[in-house]
Amino acid sequence: MSFFTKIKGVRVPHEKDTASSAPKTLPPVGAVFLPMNMHIGAPSVPCVAAGDAVLVGQKIAEAGGFVSSPVHSPVSGTVTAVHDKLYATGEKVRVIEIASDGQDTPFPDIKPPFISNAEDFIAAVRDSGAVGLGGAGFPTAVKLSVKPEQKVDYIIINAAECEPYITSDTRTIIDSADDIFFGLSLLKKYIQPGELIIGIEANKKEAAEHLLRLSETPENKPLGVKITVLPSVYPQGGEKVLIYNTARRVVPEGKLPLDVGCIVLNVTTLAVIAKYVKTGIPLTHKVVTVAGTAVKSPANVLAPIGAKISDLLAFCETDPDASAKMLYGGPMMGIAVPSEEAPIRKNTNAVLAFAEKQAVLPEEQPCIRCGRCVAHCPLRLQTVEIQNAYLNKKPELIEQLRVNICMECGCCTYVCPAKRQLTQYMKLAKASLREYQDLQKAAAEKAKLLAEAANG
Ligand code: SF4
Ligand code: SF4
């Protein structure tokens with residue numbers, strides 16, 4: 001069934017002033033904190049212990065399974081702890097803590113990987129530590145592991161960066177376009193898609209023109225990269241939205257992009273892979289947009305992964321007393337950060353700090369049945385019905401209303417005149433559905449065991 005027709009989305013303020021200035025490098029930090037769950041999938045498994053000396057780029061944790069990713073040290077120094085830490089979310093996460101010696105001495109064994117075929121390329125992608133850097137955190141090597149029977153018609157590079165404030169991908173395009181085109185040549189050679197497309201929003205004029213110019217140079221032209229400049233409508237960068245708007249393919253409910261011949265990669269992820277293949281330097285640092293109404297000097301900051309948010313906020317002259325709310329990511333999909341001590345993760349593309357005025361949640365009013373939430377939902381979900389099904393504890397109805405395809409983009413909440421926190425209700429409805437499905441599964445397994453026992 002096709003659930004996708006015309007994408008409406010919303011027009012949000014861009015607030016992308018940081019796009020015009022090159023990233024500033026964060027001064028050396030005293031310590032880094034590296035959680036082992038900086039990606040979707042099995043946690044990474046530490047291969048260092050407290051007291052070990054480590055250098056920049058040295059592997060400190062192995063991938064914990066097929067859907068996982070290794071972790072590399074972003075500083076030189078000494079491992080001070082490998083332990084479980086309780087986060088404000090209630091989850092216990094294994095963390096490697098490293099005290100930096102301030103020298104940033106590179107690991108001497110770093111060298112470009114040997115690649116002669118697609119298998120070597122995928123292994124290199126895995127070894128680079130690359131995960132979806134647009135925020136998703138899905139291990140990139142898994143995304144590129146195409147089975148022989150699967151056909152890749154399109155590889156779509158996501159350069160939409162549609163969330164307000166965030167400009168870190170824009171800077172990658174402006175500052176590292178050569179890496180992007182080298183990455184595209186690797187994809188063409190080893191994954192062999194029918195077509196390579198870069199999807200970018202029209203509000204990134206300088207970056208889009210840069211890409212268009214470079215795609216026409218004698219060395220890049222044979223790649224045949226199509227640069228698709230898209231309207232600046234949020235959530236243009238949503239995976240399914242981008243696939244539809246660039247390749248006109250619909251990803252059906254419960255299916256993956258590859259099921260319709262598409263792979264989507266974030267543009268900065270591609271640059272990280274290219275850099276690793278060129279130099280052997282894995283993912284250890286990130287450009288992070290630091291902005292928001294409480295930040296006095298907003299900027300893109302090149303920071304070691306694992307640096308504390310407070311290091312970046314202080315660097316951008318943020319008054320901690322003026323900061324009432326902090327987010328990992330943009331204002332539409334970002335996650336509230338409970339403490340400035342939280343670290344920059346692999347998939348952190350922005351840290352936003354807002355003053356009290358912007359941090360206060362408006363009071364919810366009764367729904368006036370205007371239908372704007374449904375009209376602006378890119379997936380046309382019946383948000384009010386889902387909310388009511390959740391509040392009335394009707395998991396079967398939640399399932400029928402297909403809450404699982406909700407991408408938590410925030411459009412419904414944004415357009416609601418009654419200020420209803422619809423996206424939060426979608427998240428709660430999803431969680432309650434998961435719980436219900438787990439219980440159903442457990443009950444079915446128990447019934448099967450009892451039936452087997454009764455039959456001797
Ligand atoms: S958060 Fe979910 S329900 Fe709301 S607009 Fe986005 S996809 Fe639709
Ligand atoms: S946008 Fe808000 S007020 Fe309008 S139907 Fe949806 S929940 Fe109700």
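Residues numbered from 1 in each chain as written. Chains lettered and ligands numbered in written order. Predicted model: local features only at pLDDT ≥ 70, side-chain atom pairs only at ≥ 80, totals over all residues. Heavy atoms only, no water.

Peer 1: Could you give me a rundown of the domain arrangement of the protein chain, with the residues and numbers involved?
Peer 2: What the domain assignment reports for the protein chain is domain 1 (118-279) and domain 2 (372-454). In this complex, domain 1 contributes 6 residues to the contact, which on the side of domain 2 involves 6 residues. Contact between domain 1 and domain 2 buries roughly 530 Å² in total, counting both sides, with carbon and sulfur atoms accounting for 72%. At the boundary of domain 1 and domain 2, one finds 1 salt bridge. The salt bridge partner of arginine 402 is glutamate 253, with a shortest N-O separation of 3.8 Å. Of the residues that constitute the side of domain 1 that touches domain 2, the class distribution is 3 nonpolar, 1 polar and 2 charged. (Domains from an automatic or database assignment. Contact = heavy atoms within 4.5 Å. Buried area = accessible area lost by both parts, 1.4 Å probe. Salt bridge = Lys/Arg side-chain N within 4 Å of Asp/Glu carboxyl O. Nonpolar A, V, L, I, M, F, W, Y, C, P; charged D, E, K, R; others polar.)

Peer 1: Please provide a residue-by-residue account of helix α14 (residues 422-454), values included.
Peer 2: Here α14 spans 47 Å end to end across 33 residues, near enough to the 48 Å set by a 1.5 Å rise per residue. If you follow the buried residues of α14, they end up packed against α10 (372-376), α11 (383-391), α12 (395-400) and α13 (411-415). (Helix = DSSP H or I, 4+ residues; strand = E, 2+ residues; numbered from the N terminus. Expected span 1.5 Å × (residues − 1).)

Peer 1: Please provide a residue-by-residue account of the layout of surface pockets, values included.
Peer 2: The computed volume of the second largest pocket comes to approximately 530 Å³. Lining the second largest pocket are 26 residues; nearest its centre among them are Val272, Lys275, His285, Val287 and Leu302. Secondary-structure elements contributing two or more residues to the lining of the second largest pocket are α3 (168-175), α7 (267-279) and β13 (285-291). Among the elements that make up the lining of the second largest pocket, the one with the highest residue count is α3 (5 residues). Per-class residue counts for the lining of the second largest pocket are 12 nonpolar, 8 polar and 6 charged. (1 Å grid on protein atoms, 1.4 Å probe; cavity = no way out; pocket = protein on both sides within 12 Å on 5 of 7 lines; lining within 4 Å. Points joined across faces, edges and corners; volume = space filled by probe spheres on them.)

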